Amino acid sequence: MDDCSLEEFRRRWQEELAQAQAPRKWRRPEAAERRARRPEVVHGRSEQASGDPALAQGLLEGAGRPPAARATRAEVQDVASRSRFPRAREGAGGGEQLVDQLIRDLNEMNDVPFFDIQLPYELAINIFQYLDRKELGRCAQVSRTWKVIAEDEVLWYRLCRQEGHLPDSSISDYSCWKLIFQECQAKEHMLRTNWKSRKGAVSELEHIPDAVLCDVHSHNGVVIAGYTSGDVRVWDTRTWDYVAPFLESEDEEDEPGLQPNVSFVRINSSLAVAAYEDGFLNIWDLRTGRYPVHRFEHDARIQALALSQDDAAVATASAFDVVMLFPNEEGYWQVAAEFEVPKLVQHLEIVPEARRYPVAIAAAGDLMYLLKAEDSARTLLYAHGPPVTCLDVSANQVAFGVQGLGWVYEGSKILLYGLEAGRHLLKLGNVLRDFTCVNLKDSPPNLMVSGNRDGRVRIHDLRTSNIALSLSAHQLGVSTVQMDDWKIVSGGEEGLVSVWDYRMNQKLWEVYSGHPVKHVSFSSRSLITANVPCQPVVRNADRDNFTPHRRHRGLIRAYEFAVDQLAFQSPLPACRSSCDTMATHYYDLALAFPYNHV
């Protein structure tokens, strides 16, 4: 209808309402009597036209609108079509036009735009994808149409990917992703409960009888260890197969037990690297075999070793030289870049997620360098200050602790450097003792955890540059630390491994061994700890039958929290191997897994 007809309709509507409100109290009994004498009408599509004029007449006389029954889908579509295409006027009378217009207005009020009528299904999915699982559950209770949309497989597959469940799966792998999501959530809750209640399985990895542990590293449940005998072993704790293979050296003519000590070991998903005291470096490909694919030699002892987490890139520091290695397109290893620094390198890390060529961070005394293998350039990040005490690197940031100048002048602190911005971002902490370890790459967003010589574990808030939480975790210094979204696992120089729920500021449990804790790595379902002696017993060639006592060998433990007690014959698989291949001293395991549950 045009604007003139609309204005005329509104004016006449207001006049009739004013005339109806004046004698309403006198005509209300008559209207009630007329409604009482009104014949009953059977609801149906053929009588809908006759019911609408009576409803309109009742509304004009001041009567309330009776509740209407829920219309079916066909009726709603018919009403919607009639509201879009109004009928032609049959009469010229003003009262008849007014009633027809009122009927059309009522039909437009009843036309509710549901997704199955006016909005395509794909657009509805795009709208619902911004909802979380609670909001999807509430939308599923609105109607059957909304329930079908809220339980679509695409939405629940997206939620599984966001929560980190089954990251390598495709949408066609399962038929009901909502059920898979519920199972993953229940499993996650079970794992968290097992962590808190100290429920699970613990095993001590098999040691070499005539050797002392030198260094340990792990990646996604795969553990590598180097010994004073020159042996390198690898375990896969994800399959409970603890019969570890030896990674052989290239010199097959060397007699067993005459190889140099292992200085450092590193491992990722495809490579294993070991550095020896005589300056040699072995690189193994875990997918091809137990013999090294590349062997590199330095003129002096290797002081630092770094391996990329996700790429095939290795960096070593020997004397005043830093060498970066990576394979070419044909798979042959080559020297990508070689740098010379004025001081000895104590800390070395490779920046993860580099584009094409590896990028490394090297700390040499009071100098900090950014080494790029692409153009063989080095950039000085930090110079002429206190010495660097610890280092960690993420994809776009570098965190390193610097030694303090005394409480009167300036305390120890952690400097945060932005690789993308190319400048210093934050100065964290200001404590008396030196920082011994920092973990940036494994921490939640906007948080960072560090350990100090005063025995405290601190959580730093990168948004405010403040210390969010400080825990008195160890008697001596903190040697290693890691955190996730709710817990902290730290290792101390006194040999104590502590597990904390930092949201509640509460210690969950702890385990003690005689040697300092040099390595801690955990996931949602497992925990790897390594106690490495401070000064490994040096092998003497004059001793033919030298076997160190088990208290001096070092210790590697694997904790599994995904096991269910009902899935095993024994109540608690505290010992997974036979006594002839594993040490049988479990007197201190009661601190972690009490025997009253066995």
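Residues numbered from 1 in each chain as written. Predicted model: local features only at pLDDT ≥ 70, side-chain atom pairs only at ≥ 80, totals over all residues. Heavy atoms only, no water.

As recorded in an unreviewed UniProt entry, the protein goes by the name F-box/WD repeat-containing protein 8, listed as coming from Sapajus apella. According to UniProt, the comment filed for the protein under the heading Pathway (unreviewed entry) is "Protein modification; protein ubiquitination." (UniProt positions renumbered as here; feature names shortened; annotations may be inferred.)

Participant: For this particular structure, what's the right way to read the overall build of the protein?
Facilitator: Regarding its fold elements, the protein presents 11 helices and 31 strands. Considering only contacts in the protein between residues 6 or more positions apart, those separated by 24 or more positions represent 47%. When the accessible surface of the protein is summed, it comes to about 32500 Å², and 49% of that surface belongs to carbon and sulfur atoms. (Helix = DSSP H or I, 4+ residues; strand = E, 2+ residues; numbered from the N terminus. Contact = heavy atoms within 4.5 Å. Areas by Shrake-Rupley, 256 points an atom, 1.4 Å probe, with all protein chains shown as cover.)

Participant: Before we go on, may I ask you to explain the pairing of strand β27 (residues 496-501) in this structure?
Facilitator: Every other side chain in a regular strand lies on the same face of the sheet, so the side chains alternate between the two faces. In terms of burial, β27 is largely enclosed, as six of its six residues are buried. Alternating residues of β27 divide into L496, S498 and W500 and V497, V499 and D501, and every residue in both groups is buried. Of the pairings in the sheet, the one linking strand β26 (residues 487-492) to β27 comprises five bridges and is antiparallel in character. By the bridge assignment, K487 is partnered in β27 with D501. Counted between consecutive antiparallel strands, the loop separating β26 from β27 contains three residues, among which G495 sits at a positive phi close to 95°. With six bridges connecting them, β27 and strand β28 (residues 506-512) associate as antiparallel partners. Looking at the pairing, S498 lines up with E510 of β28. From the end of β27 to the start of β28, which pair antiparallel, there are four residues, and N505 there has a positive phi angle of about 55°. (Buried < 20%, exposed > 50% of the residue type's maximum accessible area, 1.4 Å probe, protein only. Pairing = 2+ DSSP bridges.)

Participant: Just checking my understanding: could you explain the packing of aromatic side chains for this structure?
Facilitator: By convention here, two paired aromatic rings are described through the distance between centres and the angle between planes. Summed over all chains, the structure comprises 11 aromatic pairs. Consider the rings of F128 and W146, whose centres lie 5.8 Å apart with planes at 80°: the pair is edge-to-face. Pair noted here: F128 is in helix α7 (residues 121-128) and W146 is in helix α9 (residues 144-150), with a separation of 18 residues, a long-range link. Arranged with centres 5.9 Å apart and planes meeting at 65°, the rings of W195 and F522 form a pair that is edge-to-face. With W195 in helix α11 (residues 177-197) and F522 in strand β29 (residues 517-522), this pair connects stretches of sequence that are 327 residues apart. Here the aromatic residues W195, W509, F522, Y559 and F561 are joined through ring pairs into a cluster of three or more. Directly above the aromatic system of W486 lies the positively charged group of K196, at a separation of 5.4 Å from the ring centroid. Directly above the ring of W195 sits K487, whose terminal nitrogen or CZ lies 4.5 Å from the centroid. (Phe/Tyr/Trp six-rings, centres within 6.5 Å; stacked < 30°, edge-to-face > 60°. Lys NZ or Arg CZ within 6 Å of the ring centre and 35° of its normal.)

Participant: Help me out: how do you make sense of the side chain of H460 in this one?
Facilitator: Note that H460 resides in strand β23 (residues 456-461). Excluding anything up to four places from it in sequence, H460 contacts I414, L428, G429, F435, N446, L447, M448, S450, N466, I467 and A468.

Participant: Please explain the packing of helix α10 (residues 153-162) against α11 as it appears in this structure.
Facilitator: The relative placement of two packed helices comes down to the angle between their axes together with the axis-to-axis distance. Running from amino to carboxyl end, α10 crosses α11 at an angle of 25°, the nearest separation of the two axes being 8 Å. On the basis of the axis angle, α10 is roughly parallel to α11. In the packing of α10 onto α11, the handedness of the crossing is left-handed. Packed against α10, whose contacting residues are E153, W156, Y157, L159 and C160, the element α11 presents W177, K178 and F181 at the interface. (Axes fitted to C-alpha atoms, helices over the stretch in contact; angles between N-to-C directions. Parallel < 35°, antiparallel > 145°, perpendicular 65-115°, else oblique. Left-handed = near helix turned anticlockwise from the far one by under 90°.)

Participant: Explanation requested: the pairing of β23 in the structure shown.
Facilitator: Within β23, five of the six residues are buried, which leaves the element mostly enclosed by the surrounding structure. Where strand β22 (residues 447-452) and β23 come together, five bridges link them in antiparallel fashion. The residue of β23 that forms the bridge with V449 is I459. Taken together, β22 and the strand that follows it, β23, pair antiparallel across an intervening segment of three residues, in which G455 is found at a positive phi of about 85°. Inspection of the sheet shows β23 paired to strand β24 (residues 466-472) by six bridges, in the antiparallel sense. If you follow R456 over to β24, its bridge partner there is S472. The turn joining β23 and β24, which pair antiparallel and follow one another in sequence, is formed by four residues; a positive phi near 65° is taken by S465.

Participant: I would appreciate a short explanation of the side chain of D392 in the present structure.
Facilitator: Note that D392 resides in strand β17 (residues 388-393). Apart from the residues within four sequence positions on either side, D392 is in contact with V398, A399, V438, N439, L440 and K441.

Participant: Would you explain the nonpolar core in this entry?
Facilitator: Among soluble globular proteins, nonpolar side chains are generally buried collectively. Core analysis: the biggest nonpolar cluster contains 20 residues, and V322, M324, V345, L348 and L371 have the highest contact counts within it. Contributions of two or more residues to this core are made by β9 (302-307), β10 (314-318), β11 (321-327), β12 (333-340), β13 (347-350), β14 (359-364) and β15 (367-372). Among all residues touching V345, those that are not within four sequence positions of it are Q303, A304, A317, A319, V322, A362, A363 and A364. Counting residues in each nonpolar core, the second largest holds 17 residues, with F128, L136, C139 and L159 among its members. (Core = buried A, V, L, I, M, F, W, Y, C linked by side-chain atoms within 4.5 Å.)

Participant: Could you clarify how one ought to interpret α10 in this entry?
Facilitator: One full turn of an α-helix is made of 3.6 residues, so residues set three or four places apart face in the same direction. Residues L155, W156, Y157, R158, L159 and C160 constitute the buried set of α10. Buried-residue contacts for α10 involve α7, α8 (133-139), α9 and α11. Between the side-chain oxygen at the start of α10 and the backbone nitrogen of V154 there is a gap of 2.9 Å, and the oxygen is on D152. (Polar contact = N/O pair within 3.5 Å; in protein donor to acceptor, adjacent residues only side chain to side chain.)

Participant: Explanation requested: the sheet that holds strand β18 (residues 397-402) in the structure shown.
Facilitator: The pairing of strands in a sheet happens through backbone hydrogen bonds and is either parallel or antiparallel. With antiparallel pairing, four strands are arranged side by side in an open sheet as β17-β18-β19-β20. The sheet terminates laterally at β17 and β20 (423-431), the two strands that pair on one side only. Ignoring which end each strand starts from, the neighbouring axes of this sheet average 15° apart. With five bridges joining them, β17 and β18 adopt antiparallel strand pairing. Bridged to D392 within β18 is A399.

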